[in-house]
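# Secondary and tertiary structure notes
Spelled out, the chains give:
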Amino acid sequence: MFFVAGFIGSPAMNFIKGKVVSKDGRQIFVSDTGSVLPADGARAQGGQPVIYGIRPEHIDIAPDGLSATVSVLEPTGSETQIFAKLGDDPIDAIVKDRLTVRPGEEVRLRIDPRRVHIFDRQSGARL
């Protein structure tokens, strides 16, 4: 499934390596570089090496979102594509908003946890 998910959609799905862990009764994803992302409902075993997948169109701008540093902002007509970094993890988002941020500045990204895909890192199977 992981292999196929990388081909569907343009731009491609974001993939981040890490693991799912439980914290305060909730599941969260912790990337190999330390980024913490929502993973409610993930069916991974605690500490299992996984790949976190989220499509760029399932990420929004929100004041309560995760802090990301903008690398490139690309207006594409009615949408804006954001190339950014969550810590050391690259992430792409497509939003309906017009943004005035510049490379190096912060943007707050909210990931829709209902749209997250978790893949087993070894087999590539969706969990």
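This is a predicted model, so every value here is computed, not measured.

## Details of the sheet that holds strand E5 (residues 59-76)
The antiparallel open sheet is built from four strands, whose spatial order is E7-E6-E5-E8. With partners counted over all chains shown, the strands left at the sheet margins are strand E7 (89-95) and strand E8 (106-111), one partner each. Direction aside, the axes of adjacent strands within the sheet are offset by 50 degrees on average. Examined bridge by bridge, strand E6 (residues 79-86) and E7 share seven bridges and lie antiparallel to one another. The residue of E7 that forms the bridge with glutamine 81 is isoleucine 94.

## Considerations on the sheet that holds strand E1 (residues 14-23)
The five strands are arranged E3-E2-E1-E4-E9 in an open sheet whose pairing can be described as antiparallel. At either end of the open sheet lies a strand with only one pairing partner, and these are strand E3 (36-38) and strand E9 (117-120). Neighbour-to-neighbour, the strand axes of the sheet open up by a mean angle of 45 degrees, direction not taken into account. Relative to E3, strand E2 (residues 26-31) is paired through three bridges, and the arrangement is antiparallel. Each bridged residue has a counterpart across the sheet, and for phenylalanine 29 the counterpart in E3 is leucine 37.

Calculation rules
Along each chain, residue indices are assigned from 1 in the same order as the chain's sequence is written. Predicted model: local features are reported for residues with pLDDT of at least 70 only, side-chain atom pairs are reported and counted for 80 or more only, and whole-chain, interface and lining totals are derived from all residues. Working from all heavy atoms in the structure, the side-chain values ignore hydrogens and water. Should DSSP find at least two bridges between two strands, the strands are taken to pair. Helix and strand definitions follow DSSP, with helices as H or I runs of at least four residues and strands as E runs of at least two, each counted in order from the N terminus. Whenever a helix is involved, its axis is fitted only over the stretch in contact; in every case the axis is a line through C-alpha atoms, and angles between N-to-C directions fall within 0 to 180 degrees.

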